[in-house]
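Here's the letter readout for the chains.
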Amino acid sequence: MAAWTLDAALHDPEVLIARATAFAREVVAPQVSRLERERRIGREAIREAARLGLCAIEVPREHGGLGHPYSVKCRIAEAMAAVDYAFAFSLINTQNVANKLAREAPARIRERYVPALMAGEIIGCTALTEPHAGSDFSAINTQARPVSGGWQLDGRKAWITNASEADIVVMYAQTEPGSAARGVAGFFVDLHRDGAHREPGYALSGQHAIGAGGFRLEGYLAASDEMLQPAGKAFKAAMASINGARTYVAAMCCGMVGEALRVATEYGEKRTAFGSALSGHQGWRWRLAEAASELAACRMMVAAAAARIDAGQDAQLIAAQAKLLSTRMADRQIAVLAQAMGAEGLREEHPFGRHAVGARVANFTDGSTEMLLERIAVALRSQR
Ligand SMILES: Cc1cc2nc3c(=O)[nH]c(=O)nc-3n(C[C@H](O)[C@H](O)[C@H](O)COP(=O)(O)OP(=O)(O)OC[C@H]3O[C@@H](n4cnc5c(N)ncnc54)[C@H](O)[C@@H]3O)c2cc1C
């Protein structure tokens, strides 16, 4: 077990959020350009973040975590994405795997892997997507065949956050070809074991600290107790947890827009044109006022979704709506705020270019815009 203890002050959510915010500004911000140039996950920074409890936010206290409710993770995700979406998303994904294994894995797996995840010594990922199946999760064809003592897994996963360096995976496979969602089961996979082959991380337009990549399983043997959820339950469980993911992705979009707005507001007070500060021109400042108003509305939706999740209530509709509107707002407003900066906005030290790619990524992670619209449309029909 990893030698790892938590400062008791981190049990106060406000202390944890304040420290996470300061960590993002003081430790992560100076590294993001270098990580981007080196095209890699910020592994050392994740280890430092873990010392602040950021890989253990929701992990129950009886398993060594902080045991905070969902909304605390959501606020931390927003604060960290203000600095860098990719780093924040990578970190939160490892936290999610720690939380899931702490709650759902048998003691043998929990005791071996959860302390190492919480300490940031190993990295986790969650793999639904395959090269041929993204939006249509029920079409996955990584196969799970029963063998003596467990399951043989064969197939490929693609576009997985952290996969370029992850040590372990919570992944989904088909136990009954042709049965779609009904046959999908959830497994624990250790990427260091025989039969697991990591593929090189993807070269993207940016956001490489997210570690997007894939892996292949060929004759990988999972022990019986490494099936975390059986067929019939796994698909539903994956879909249930996606409401939380959609809500924190929405919060992260708010974080990026909030930071872009802060930088543009400050710049508008200093930079002059035609005899006054940029902020003295009505046409210039109205753009910022619109961004601030859309941001406020999205934050209210995120808070409403997070409150429902904390209360154990159904959050499908509000989570989909929050993500739909927040990702669209981020796509649009980051470009508007970059424009308000003039050429200055293009400098690497400012977040605009990085956040613009982050907002694009947010349009796909945990449900594309079209899948959200479909979810909202289904809810409308069921309300009739
Ligand atoms: C950086 C990054 C990290 C990711 N991390 C993870 C991860 O950790 N784990 C994981 O499992 N997945 C991950 N994903 C994958 C993500 O979940 C998928 O990208 C997403 O589900 C969409 O699938 P797709 O990209 O294959 O698009 P496709 O399914 O090929 O769809 C292409 C386009 O068509 C639209 N479309 C599809 N079907 C319909 C329809 N019926 N009606 C209208 N429009 C439709 C889609 O919305 C999309 O715009 C990640 C993706 C990215 C970019």
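In what follows, the structure referred to is the one given above.
Tallying each qualifying case throughout the model produces 7 aromatic pairs. Aromatic pair Phe-137 and Tyr-172: ring centres 5.7 Å apart, planes at 90°, arrangement edge-to-face. With Phe-137 in the loop between β1 (124-127) and β2 (143-147) and Tyr-172 in strand β4 (residues 168-174), this pair connects stretches of sequence that are 35 residues apart. By relative accessible area, which is 6% here, Phe-137 ends up buried. A ring pair is formed by Trp-159 and Tyr-202, whose centres lie 4.7 Å apart and whose planes are at 65°; its orientation type is edge-to-face. Pair noted here: Trp-159 is in strand β3 (residues 150-160) and Tyr-202 is in the loop between β6 (196-198) and β7 (213-223), with a separation of 43 residues, a long-range link.

Time to look at the side chain of Thr-94. Here Thr-94 lies in helix α5 (residues 85-104). Exposure remark for Thr-94: the relative accessible area of 0% places this residue in the buried category. Thr-94 has contacts with Cys-55, Leu-117, Ile-122, Ile-123, Gly-124 and Asn-162, leaving out every residue within four places of it along the chain.

Moving on: the nonpolar core. The biggest cluster of nonpolar side chains holds 96 residues, and the ones touching the most others in it are Leu-54, Met-80, Leu-153 and Tyr-248. If you tally residues by element for this core, the top one is helix α7 (residues 234-270), at 15 residues. Beyond its immediate sequence surroundings of up to four residues, Met-80 is in contact with Ala-20, Phe-23, Ala-24, Val-28, Leu-54, Phe-87, Ala-88 and Leu-91. Ranked by size, the runner-up nonpolar core spans 25 residues in total, among them Ala-56, Tyr-113, Ala-116 and Ala-234.

A word on the packing of helix α4 (residues 70-81) against α5. For the pair α4 and α5, the least separation of the axes is 8 Å and the interaxial angle reads 155°. Of the possible angle classes, the one that applies to α4 and α5 is roughly antiparallel. When α4 is examined against α5, the residues Lys-73, Ala-77, Met-80 and Ala-81 are found in contact with a partner set consisting of Tyr-85, Phe-87, Ala-88, Leu-91, Ile-92, Gln-95 and Asn-96. Its residues assigned to classes, the contact of α4 with α5 shows 8 nonpolar, 2 polar and 1 charged.

Under the 1.5 Å per step criterion, the end-to-end length of helix α8 (residues 282-310) is 42 Å for 29 residues, consistent within 8% with the ideal 42 Å. Along α8, the residues that are buried comprise Trp-284, Leu-288, Ala-291, Leu-295, Cys-298, Met-301, Val-302, Ala-305 and Ala-306. Buried-residue contacts for α8 involve α4, α7 and α9 (316-340). Positioned one or two residues after α8, Gly-312 has a phi angle of 70°, which is positive.

Procedures and definitions
- Counting restarts for each chain: residues are numbered from 1 in the order of the written sequence.
- Confidence filtering applies because this is a predicted model: local features only for residues at pLDDT of at least 70, side-chain atom pairs given and counted only at 80 or more, and all residues used for totals across whole chains, interfaces and linings.
- Side-chain metrics in this entry use all non-hydrogen atoms of the structure; hydrogen atoms and water are not considered.
- Only Phe, Tyr and Trp rings are paired, with Trp represented by its six-membered ring, and only when their centres lie within 6.5 Å; those with planes under 30 degrees apart are stacked, over 60 edge-to-face, the remainder tilted.
- In DSSP terms, a helix is any run of H or I states spanning at least four residues, a strand is any run of E spanning at least two, and both are numbered starting from the N terminus.
- Throughout, exposure labels follow a simple rule: accessible area from a 1.4 Å probe, protein chains only, divided by the maximum for the residue type, with under 20% read as buried, over 50% as exposed, and the rest as partly exposed.
- In this description, contact between two residues means that some pair of their heavy atoms is separated by no more than 4.5 Å.
- Remark: nonpolar core denotes a set of buried residues (Ala, Val, Leu, Ile, Met, Phe, Trp, Tyr, Cys) joined through side-chain atoms within 4.5 Å.
- Simply put, an axis is a line fit to the C-alpha atoms, just over the touching stretch for a helix, and the angle between two N-to-C directions goes from 0 to 180 degrees.
- By the definition adopted for this analysis, an angle is roughly parallel if under 35 degrees, roughly antiparallel if over 145, roughly perpendicular if from 65 to 115, and oblique otherwise.
- Amino acids are sorted into nonpolar (Ala, Val, Leu, Ile, Met, Phe, Trp, Tyr, Cys and Pro), charged (Asp, Glu, Lys and Arg) and polar (every other residue, Gly among them).
- To estimate the expected span of a helix, count its residues, drop one, and scale the result by 1.5 Å.

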